[in-house]
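Inside the fold
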Amino acid sequence: MTKFYKYLFLLSFLLSLTQGAQAQNAQAPTLSGGIGIEENAVLRPQQGKFNLKFLFTFMEGDYIADVAVKVADASGKVVLEQNVDGPILLALLPAGNYVATLTYEGVAQTRKFALGARGLRTEQVRWKRSEADGPPML
């Protein structure tokens, strides 16, 4: 990935944070992607700015994308809802208890988790591979 694209990626991320904060129903700041070595190289140093990381894979460990994510706080208010374009989603949420519904190809999973004031919590979410997904990558 050229420097231009890295800067463009970071600029779009920063713009999404400012636009999200100005929205009436502001959602949690997020960063997603992770397809390929270049995107992973951009995401990895950004992890320290977030407190939640979802990693989406098949049971065998192959990465998957196009996961619908919906996170609600303890009162049931949806604080994050988006389709993720890569196997990694980073989010910044206030400390508290949450319920996430994660859907891939119509198969939903629910995760309950708590976030503290510090640290990065990683949730690896795995789905069974269907025939349409093809064989595992070796």
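Since we're looking at a predicted model, the values are computed, not measured. (Residues numbered from 1 in each chain as written. Predicted model: local features only at pLDDT ≥ 70, side-chain atom pairs only at ≥ 80, totals over all residues. Heavy atoms only, no water.)

Quick look at the sheet that holds strand E7 (residues 107-115)
Overall, antiparallel pairing links the four strands, which are arranged E4-E3-E6-E7 in an open sheet. The strands lining the two open edges of the sheet, one partner per strand, are strand E4 (78-84) and E7. Averaged over all neighbouring strand pairs, the angle between strand axes comes to 15 degrees, with direction disregarded. Two elements, strand E3 (residues 67-73) and strand E6 (residues 96-104), share six bridges in a ladder whose sense is antiparallel. Residue pairing in the sheet places Ala-68 in a bridge with Thr-103 of E6. (Pairing = 2+ DSSP bridges. Helix = DSSP H or I, 4+ residues; strand = E, 2+ residues; numbered from the N terminus. Axes fitted to C-alpha atoms, helices over the stretch in contact; angles between N-to-C directions.)

Quick word on the packing of aromatic side chains
Inspection of the entire model under this criterion finds six aromatic pairs. Their ring planes at 50 degrees and their centres at 6.1 Å tell us that Phe-56 and Trp-127 sit as a pair that is tilted. Here the residue Phe-56 occupies a position in strand E2 (residues 52-58), and Trp-127 occupies one in strand E8 (residues 121-127), the gap between them amounting to 71 residues. When its relative accessible area of 0% is taken as the criterion, Phe-56 is described as buried. What makes Trp-127 buried here is its relative accessible area of 3%. Here the aromatic rings of Tyr-104 and Trp-127 are separated by 5.8 Å at their centres, their planes lie at 55 degrees, and the arrangement is tilted. A residue pair is termed long-range when its members are at least 10 positions apart, and Tyr-104 in strand E6 and Trp-127 in strand E8 qualify at 23 residues. (Phe/Tyr/Trp six-rings, centres within 6.5 Å; stacked < 30°, edge-to-face > 60°. Buried < 20%, exposed > 50% of the residue type's maximum accessible area, 1.4 Å probe, protein only.)

Observations regarding the nonpolar core
Counting 23 residues, the largest nonpolar core has Phe-54, Phe-56, Val-69, Val-71 and Leu-102 as the members making the most contacts within it. Secondary-structure elements contributing two or more residues to this core are E2, E3, E4, strand E5 (88-91), E6, E7 and E8. For Phe-54, the residues in contact, after removing those within four places along its chain, are Val-69, Val-71, Pro-87, Ile-88, Leu-89, Ala-100, Leu-102, Phe-113, Glu-123 and Val-125. (Core = buried A, V, L, I, M, F, W, Y, C linked by side-chain atoms within 4.5 Å. Contact = heavy atoms within 4.5 Å.)

Regarding the sheet that holds E5
Overall, mixed pairing links the four strands, which are arranged E1-E5-E2-E8 in an open sheet. Looking at which strands have only one partner, the edges of the open sheet turn out to be strand E1 (30-33) and E8. In this sheet, neighbouring strand axes are inclined to one another by 15 degrees on average, regardless of whether the strands run parallel or antiparallel. Note that E1 and E5 share four bridges and pair antiparallel. Residue pairing across strands places Thr-30 opposite Ala-91, the latter belonging to E5. Relative to E1, helix H2 (residues 36-43) is tilted by about 160 degrees, and along the sheet it contacts E1 and E5.

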